[in-house]
Amino acid sequence: MSGGGGTAARGGSTGSGGVGGGGGVAGHAAGAAGAGGSAGSGAITGSGGAAGATGGSAGVLTPKEAVALMTPGWNLGNSFDGGPNVTSFGNPAPNQALINAVHTAGFKTLRLPVTWTDHIGAAPAYTIDPAWMAEVAQTAQWAVDAGMFVFVNTHHEADGNGGWVSFTATGPAAQSVAAEVTAVWTQIATAFQSFDRHLMFECFNEPNEGGGGNTPQAQTDLNIYLEACFKAIRDTGGANATRIVMIQPVGASPVQSGIQSMQKVSFINDPNLLISIHTYYPGNFGLSETPYAWGSSADYTSMQNSISQQIRVWLPTQPIVIGEWGSQGAQATANRAAHALAYSQDVTTAGMVPVWWDNGGTGNGSYALFNRTTGAQTYPTIINGIMAGVKNGQAAPDTWATLATP
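Residues numbered from 1 in each chain as written. Predicted model: local features only at pLDDT ≥ 70, side-chain atom pairs only at ≥ 80, totals over all residues. Heavy atoms only, no water.

A. Geometry of the packing of aromatic side chains. Per the counting criterion, the structure on display carries 13 aromatic pairs. Both rings, one in tryptophan 325 and one in tryptophan 356, keep their centres 4.9 Å apart while their planes meet at 80°; by these two values the pair is edge-to-face. In this pair, tryptophan 325 sits in strand 7 (residues 320-325) while tryptophan 356 sits in strand 8 (residues 352-356), placing the two residues 31 residues apart along the sequence. According to the relative accessible area criterion, tryptophan 325 is buried, its value standing at 1%. Taken together through their ring pairs, the aromatic side chains of Trp185, Phe192, Phe195 and Phe201 make up a single cluster. Between the NZ or CZ atom of arginine 336 and the centre of the ring of tyrosine 379, over which it lies, the distance is 4.9 Å. (Phe/Tyr/Trp six-rings, centres within 6.5 Å; stacked < 30°, edge-to-face > 60°. Helix = DSSP H or I, 4+ residues; strand = E, 2+ residues; numbered from the N terminus. Buried < 20%, exposed > 50% of the residue type's maximum accessible area, 1.4 Å probe, protein only. Lys NZ or Arg CZ within 6 Å of the ring centre and 35° of its normal.)

Below, the structure written as structure tokens:
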């Protein structure tokens, strides 16, 4: 997801709000490939995180173990995924106080969406601007130092809204894109190689969501690009040989055919692989500025079924991260808080990680939970709902949220 972070900020391109759906409205289009970057980025020295934090430098966490420790998560949206710089969507540059406040509120994972396009040099090296790499790394370091897990991704390169990762490519054209994917991800993986297992990689974001969706061509191309991304990371060696990597189906959508196609990649049985799905369930609440009084008994049942009878049927054993979900400011706060509790509970009890989408800003289209400058909570009841839902979901498997009765 993406979009302007101002008063009426929508999220932009988003994942499906239900089983059959594609994403939401088209979002920010990344700039053209080949924008002038500067000299090559080298490895970045990252510390292993705060004392006593889980999964230290010698950590051998499996994805399933990590999932149990990572919940819940929070997206630093509309910051590094902007173009050409971190303030392009109108949000202030991230600071350590914000990251610490997010962690103090109870969030254990930071998803760090990053658009690299405006910071990539010309072919064939596609050199990433080291100043941009350092900015991203500093924010990741703040989170790791706080004891959080962190996902670093390529966010708008592949979402179909003008990025250079094309899903209409065939033959040599697809291989040309794959070559750039390899070059970019080799640099990212090398730069973060010294970080411990708190730092994880996510190959793309909602691939082809705004470019035509879940077509057979997109499925074919995505698997080519996933292969290139995964191999680039693993080939850098060291900690990256076993670092957790997360991938998505087309659009990151909970659509059976896309999920099944994604599972044809050669590395699907890698022991350090996570699957990401974006939901915003249900779409008429999570993606809409039209008020919907979410919270009926039928709403709760439908929510449970969207997870237990759909996502978990198509991905019965794989560790899953719900990489984006949430509701917009246009919805009634009480309904948003109830929805947040229920959805975080249902996701957690199903063994998945709920990662709230926060795009900053204020107003009807904002998903923001924190003031981006001070770190102050702007919707504490929603945050409390998320934390309560996670606690409920961790109590036992299949303890689904239900409508409270007087």
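Okay, back to it.
B. Quick peek at the state of the cysteines. All chains considered together, the criterion is met by one disulfide. Residue pairing for cysteine 203: its cysteine sulfur links by disulfide to cysteine 229, the two sulfurs lying 2.3 Å apart. Residues cysteine 203 and cysteine 229 are joined through a disulfide that is left-handed, its torsion about the S-S bond being -95°. With a gap of 26 residues between them, cysteine 203 in the loop between strand 4 (199-202) and helix 5 (216-235) and cysteine 229 in helix 5 connect regions that are remote in the sequence. You'll find cysteine 203 and cysteine 229 in the same group, each marked buried. (Disulfide = S-S within 2.5 Å.)

C. Just the pairing of strand 3 (residues 149-153), in detail. The element strand 3 is extensively covered by neighbouring structure, given that five of its five residues are classed as buried. Both faces of strand 3 are covered, namely the face carrying Phe149, Phe151 and Asn153 and the face carrying Val150 and Val152. Of the pairings in the sheet, the one linking strand 2 (residues 109-112) to strand 3 comprises four bridges and is parallel in character. In the sheet register, leucine 110 faces strand 3, and the bridge partner there is valine 150. This β-α-β element, strand 2 to helix 3 (residues 130-145) to strand 3, shows right-handed connectivity. Pairing of strand 3 with strand 4, which is carried by four bridges, proceeds in the parallel orientation. Pairing of asparagine 153 across the sheet is with glutamate 202, part of strand 4. (Pairing = 2+ DSSP bridges. Right-handed = clockwise from strand over helix to strand, strands pointing away.)

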